[in-house]
Each structure stands twice: as structure tokens, then as C-alpha cells.
Amino acid sequence: MKGFAITVAILILAVGAAATAGTVRAQTTAPQFLVTWKTSGSYVPAAYPDKALPTYGSTITASLELLLGGKPVDLRYQTIYWYLNDVLIGGGLGVQTVSFPPFNSPPSSLTLNVTLPSYQGAYLSHDITIPFVSPVAVINAPYPNGQAAANPVSVSALPYFFNTASASSLSYAWSVNGQAGASAENPQTANINLPASTAAGTVLSVGLTITNPGDSTSGAGSLNLTYAPHL
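Residues numbered from 1 in each chain as written. Predicted model: local features only at pLDDT ≥ 70, side-chain atom pairs only at ≥ 80, totals over all residues. Heavy atoms only, no water.

Draft legend 1. Looking closely at the pairing of strand 15 (residues 203-211). Sheet analysis places strand 12 (residues 171-176) next to strand 15, joined by 6 bridges and oriented antiparallel. Each bridged residue has a counterpart across the sheet, and for alanine 173 the counterpart in strand 15 is threonine 209. By the bridge criterion, 9 bridges tie strand 15 to strand 16 (residues 218-227) in an arrangement that is antiparallel. Counterpart to serine 205 in the pairing with strand 16 is asparagine 224. Hairpin connection of strand 15 to strand 16: 6 residues between the antiparallel strands, including serine 216 at a positive phi of 70 degrees. (Pairing = 2+ DSSP bridges. Helix = DSSP H or I, 4+ residues; strand = E, 2+ residues; numbered from the N terminus.)

Here's what the structure looks like:
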């Protein structure tokens with residue numbers, strides 16, 4: 001019986017030590033940062049499935065949640081500082097959201113840092129990278145393998161990441177094989193009328209420049225199509 005009692009005592013001590021260790025682990029679990037951001041003033045077509053990226057003149061809004069055990073922490077009484085590329089852009093007691101424009105000459109990406117200098121006596125800091133993009137002009141040509149059988153050949157312009165609320169406020173300039181052209185009715189669409197004598201296999205080099213008159217930013221794109229009337 002004495003040996004049994006000793007064994008039981010050892011088991012009790014082991015269980016107690018394991019419970020204590022589990023408690024220590026739970027108390028020392030590091031909180032997790034959840035930083036989200038969105039952009040305003042960066043136009044994308046309605047069918048674009050991804051997030052609009054910041055561009056010249058746009059505004060970024062970032063928000064912070066601190067999670068502990070998967071649950072949000074009350075940060076109303078925590079001092080929070082926000083930095084963009086190591087420059088302080090906002091902060092204070094309970095400031096979980098900050099809005100800011102990219103710098104005047106931003107790099108290709110922005111480093112956003114959020115710091116809690118004294119969370120339960122600990123210094124917490126977290127970085128995220130936000131891409132910065134220039135405006136982009138895309139030529140939409142609904143012709144498989146770049147072979148156009150129709151005459152006229154119709155293509156359309158898709159602007160991305162311009163600081164505008166509407167694509168109709170932008171300026172569109174088209175060219176075909178180096179010759180400038182325009183569409184008076186709908187400048188976002190180019191209808192390329194080919195002479196009846198145009199030979200099959202003729203390559204059409206289509207160029208597009210989109211300009212934002214509001215800030216003079218622009219994007220350019222090009223596309224080669226092959227005239228294949230017998231498809």
C-alpha cells in the first residue's frame with residue numbers, strides 16, 4: 001500500500017505541474033495583429049474582382065484589431081501609434097483607424113507600422129506592406145488568340161487605378177499601326193474599319209493612352225491583332 005500511495009502522489013504532482021504549465025502558456029500567449037486597409041480614389045472596372053490599389057491622389061484607410069485567443073481586445077484605453085515608411089502619421093488613445101494619402105513621391109510599396117508602446121507592460125509592433133501602383137491602361141480585345149475575323153475590328157479601353165470616380169472623366173487616345181484615331185461617340189471604344197482589300201494575316205498594332213485631366217497622370221498599353229477574315 002505504501003508503494004501505491006507514493007505512486008498516486010507522484011501522479012497528482014505530475015497532473016498539477018501540467019495544469020500549471022498550461023496556465024502559464026495561456027497567460028503568455030502573444031496577441032495577434034489584424035490590420036486591414038482599403039483605398040478610395042482609385043478607379044477599377046466593375047468586374048475587377050480584387051482590391052483597388054492605392055495610386056497617385058488616392059486615400060488609404062487602415063484599421064487595427066488585436067486578437068487574444070481569437071477574440072478582439074478592448075483597445076479604447078491603449079495608446080496606438082501609426083507610421084508610414086517610419087514617419088508618424090497618426091495615433092493616440094484608442095486610435096484604431098487612420099486615413100492618409102501616400103507620400104508625394106511614393107515608392108512601389110508602402111510600409112505601414114502600428115505600435116502599442118505599453119500593452120500590459122509590453123511593447124508591441126507590427127508591419128504590413130501596401131503596394132502602390134501607377135495608372136494602367138488595358139486594351140480589351142474579344143478575339144481568341146489575337147485573331148480578328150470581324151470588320152470593323154472593335155476593341156475597348158479598361159482603365160485601372162486612376163484617381164477618378166468615373167471612367168468617362170478620363171481622356172482616351174487610340175492609334176493603329178502608328179496612325180492616330182478617335183471615336184467621337186464613345187472614346188472608350190475603337191472601331192477599326194479595314195479596307196476591303198486588306199489581306200488576311202495583316203497585323204494591326206493597336207495603341208492606347210489614357211490620361212486623367214485632373215492630375216495629368218496617364219497609362220499606356222498596346223496590343224497586336226491579326227486580321228483573319230476566314231475564321
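Having put the structure on the table, let's press on.
Draft legend 2. Spatial organisation of the side chain of threonine 164. Assignment of secondary structure puts threonine 164 in the loop between strand 11 (153-160) and strand 12. At 2.5 Å, the side chain of threonine 164 forms a polar contact with the side chain of serine 169. Setting aside anything within four residues of it in sequence, one finds threonine 164 in contact with Gly41, Tyr43, Ser169, Leu170 and Asn212. (Polar contact = N/O pair within 3.5 Å; in protein donor to acceptor, adjacent residues only side chain to side chain. Contact = heavy atoms within 4.5 Å.)

Draft legend 3. Structural context of the nonpolar core. In this structure, Leu64, Leu66, Trp82, Val114 and Leu116 are the most contacted members of the largest nonpolar core, which totals 29 residues. When contributions to this core are tallied by element, the ones reaching two or more residues are strand 1 (32-40), strand 2 (59-68), strand 4 (79-84), strand 6 (97-100), strand 7 (109-119) and strand 8 (122-131). Residue contributions to this core peak at 5 residues, all from strand 7. The residues touching leucine 66, leaving out its near neighbours within four places in the chain, are Pro31, Gln32, Phe33, Lys71, Pro72, Val73, Leu75, Leu116, Tyr119 and Leu124. Residues Val155, Ala167, Tyr172 and Leu208 belong to the second largest nonpolar core, which totals 22 residues. (Core = buried A, V, L, I, M, F, W, Y, C linked by side-chain atoms within 4.5 Å. Buried < 20%, exposed > 50% of the residue type's maximum accessible area, 1.4 Å probe, protein only.)

Draft legend 4. The pattern of salt bridges, seen in detail. Using the criterion set out here, one finds 1 salt bridge in the structure. Aspartate 74 is the salt-bridge partner of arginine 76, the closest N and O atoms lying 2.7 Å from each other. When its relative accessible area of 52% is taken as the criterion, arginine 76 is described as exposed. (Salt bridge = Lys/Arg side-chain N within 4 Å of Asp/Glu carboxyl O.)

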